[in-house]
Amino acid sequence: MPPYNSLLCIAIIINTHTMNKIFIIGLPRTGTTSVCAAMLELGFHVAHTAYTDRSFEEAQVIADTPVFCDYQDLDIAYPNAKFIYLARDLSKWLPSIQQLLIRMHANLIRSDGGFNPIIKRCYQEVFSPYSLDNINNLDFLARCYQQHQMQVQQYFANRQNDFLSIDISDGKSYLQLLDFLNLTESNTKNNDFERLNIGGKVTAWKDIKSSLKVDSTNKGRVTKLPYLISI
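Counting from 1, residues in each chain are numbered in the order their sequence is written. Local features are withheld for residues below a pLDDT of 70 in this predicted model, meaning they are given only at 70 or higher, and side-chain atom pairs are given and counted only at 80 or more; totals for whole chains, interfaces and linings count all residues. Side-chain descriptors were evaluated using all non-hydrogen atoms of the structure, hydrogens and water having been removed beforehand.

Visitor: I keep staring at the overall build of the protein and nothing clicks. Help me out?
Guide: Elements are defined by DSSP. Helices are runs of H or I of four residues or more, strands are runs of E of two residues or more, and each kind is numbered from the N terminus. A count of helical and extended segments in the protein gives 10 helices and five strands. Burial status follows relative accessibility: with a 1.4 Å probe on protein chains alone, a residue under 20% of its type maximum counts as buried, one over 50% as exposed, and anything between as partly exposed. The 231 residues of the protein split such that 46% are buried. Contact between two residues is taken to exist if any of their heavy atoms lie within 4.5 Å; hydrogens are not considered. Counted over contacts in the protein with a minimum sequence separation of 6, partners at least 24 positions apart contribute 71%.

The following block contains the structure:
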């Protein structure tokens, strides 16, 4: 029989790979980085964006691209998963997402490189029809947000056990997250989300140092996503 320490290591490995996934399906600029940072503090292995089969295998929590686009496929592939939607006041989200999209635009439309195909697909699907004129139109972006929100809410209707919608600017949202995950305040020293990537910043996740962070790519390379292999 293996020694106790070996059994403990085996148990930890099994638990890591069999724990139900948690997907953060809010659109970019709704607080995904803040929620991911909170999940690290709670002890989860977290990938803020995931573009490889290894990322999906190792991470317990995955946010942003591609999950805000592929949540229905993920619901099928991971039947016991939990989904967390992030809402944000449109008056604050619109200028923030517009700034991001304009910054990303050239690399989203390039056919000779730019962003990886997963990023291009997700952004062009959610902000469809994608064009420079449209992303400069706040009414268009508002419709994209509202359509995504409506689709998410309709898809997860009457599924309170595995779906949560929060706005991290709401003072009660952190405790709502803990309750949804069956955790208590004793699991954390925090009682609110840290505000990250404020003022157009997009690098806060890179600045966080944690052994629980899961790489999004394999040294910059992506793979076929596991939940899409059979499609």
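There is more to say, and it comes next.
Visitor: Could you clarify how one ought to interpret the state of the cysteines in this entry?
Guide: Throughout this description, disulfide means a covalent bond between two cysteine sulfur atoms. For the purposes of this analysis, a disulfide is any pair of cysteine sulfur atoms at a distance within 2.5 Å. With the rule as written, the count across this model stands at zero disulfides. Free of any disulfide, Cys-122 has its nearest cysteine sulfur in Cys-69, 4.1 Å distant.

Visitor: Is there a simple way to explain unusual backbone geometry in this structure?
Guide: Across the chain, the bulk of peptide bonds are trans and the bulk of non-glycine residues have phi less than zero. With an omega dihedral of 5°, the bond running from Thr-65 to Pro-66 counts as a cis peptide bond. Mapping Pro-66 onto the fold places it in the loop between β3 (61-63) and α4 (67-77). Residue Pro-129 follows Ser-128 across a cis peptide bond; omega there is -5°. Residue position: Pro-129 is located in the loop between α6 (117-126) and α7 (132-135). Even without being glycine, Thr-49 reaches a positive phi, approximately 80°. For Thr-49, the location among the structural elements is in the loop between β2 (46-48) and α3 (53-58).

Visitor: Honestly, the sheet that holds strand β5 (residues 163-166) in this entry has me stumped. Any pointers?
Guide: Whether parallel or antiparallel, the strands of a sheet pair through hydrogen bonds between backbone atoms. Between any two strands, pairing holds if DSSP finds at least two bridges. Taken together, five strands build an open sheet; the order of strands is β2-β3-β1-β4-β5 and the sheet is parallel. The sheet is open, and its two edges are formed by β2 and β5, each paired on a single side. Pairs of neighbouring strands in the sheet enclose a mean axial angle of 15°, with direction left out of account. Relative to β5, strand β4 (residues 82-86) runs parallel, the two being bridged by four bridges. By the bridge assignment for β5, Phe-83 is matched with Phe-163. Orientation is described by axes fitted as lines to C-alpha atoms, over the contacting stretch for helices, and by angles from 0 to 180 degrees between their N-to-C directions.

Visitor: How should the nonpolar core be read in this particular structure?
Guide: Taken as a class, soluble globular proteins show a tendency for nonpolar side chains to be buried jointly. Phe-23, Ile-25, Phe-56, Phe-83, Tyr-123 and Phe-127 are the most contacted members of the largest nonpolar core, which totals 46 residues. Where this core is concerned, the elements lending two or more residues are α4, β4, α5 (90-109), α6 and α8 (138-155). Element by element, the count of residues in this core is highest for α5, at seven residues. Nonpolar cores were defined as sets of buried Ala, Val, Leu, Ile, Met, Phe, Trp, Tyr and Cys residues, with membership established by side-chain atoms within 4.5 Å. Counting residues in hydrophobic clusters, the runner-up holds 25 residues, among them Val-35, Ala-38, Val-61 and Trp-205.

Visitor: I'm lost on the packing of α4 against α8 in this one. Help?
Guide: Two numbers describe a pair of packed helices, the interaxial angle and the distance between the axes. It is at 10 Å that the axes of α4 and α8 come closest, and there the two elements cross at 15°. On the basis of the axis angle, α4 is roughly parallel to α8. Of the two elements, α4 crosses α8, and the hand of that crossing is left-handed. Facing Phe-68, Tyr-71, Gln-72 and Asp-75 of α4, the residues of α8 in contact are His-148, Gln-151, Val-152 and Tyr-155. In this count, Pro and Cys sit with the nonpolar residues alongside Ala, Val, Leu, Ile, Met, Phe, Trp and Tyr, while Asp, Glu, Lys and Arg are called charged and the others, Gly among them, polar. Grouping the amino acids of the contact of α4 with α8 by side-chain chemistry returns four nonpolar, three polar and one charged. Each angle receives one of four descriptions, namely roughly parallel if under 35 degrees, roughly antiparallel if over 145, roughly perpendicular if within 65 to 115, and oblique otherwise. What makes a crossing left-handed is the near helix being turned counterclockwise from the far one by less than a right angle; a clockwise turn instead makes it right-handed.

Visitor: Would you explain the packing of aromatic side chains in this entry?
Guide: Within 6.5 Å between ring centres, the rings of Phe, Tyr and Trp (the latter by its six-membered ring) count as paired, and their orientation is classed by plane angle as stacked under 30 degrees, edge-to-face over 60, tilted in between. Scanning the model with the defined rule gives 12 aromatic pairs in all. Seen from their ring centres, Phe-83 and Phe-156 are 4.9 Å apart, and the 40° between their planes marks the pair as tilted. Placement of Phe-83 in strand β4 and of Phe-156 in the loop between α8 and β5 is noted, with a sequence separation of 73 residues between them. Accessibility assignment for this pair places Phe-83 and Phe-156 in one class, buried.

No statement about biological role is implied by the geometric values presented.
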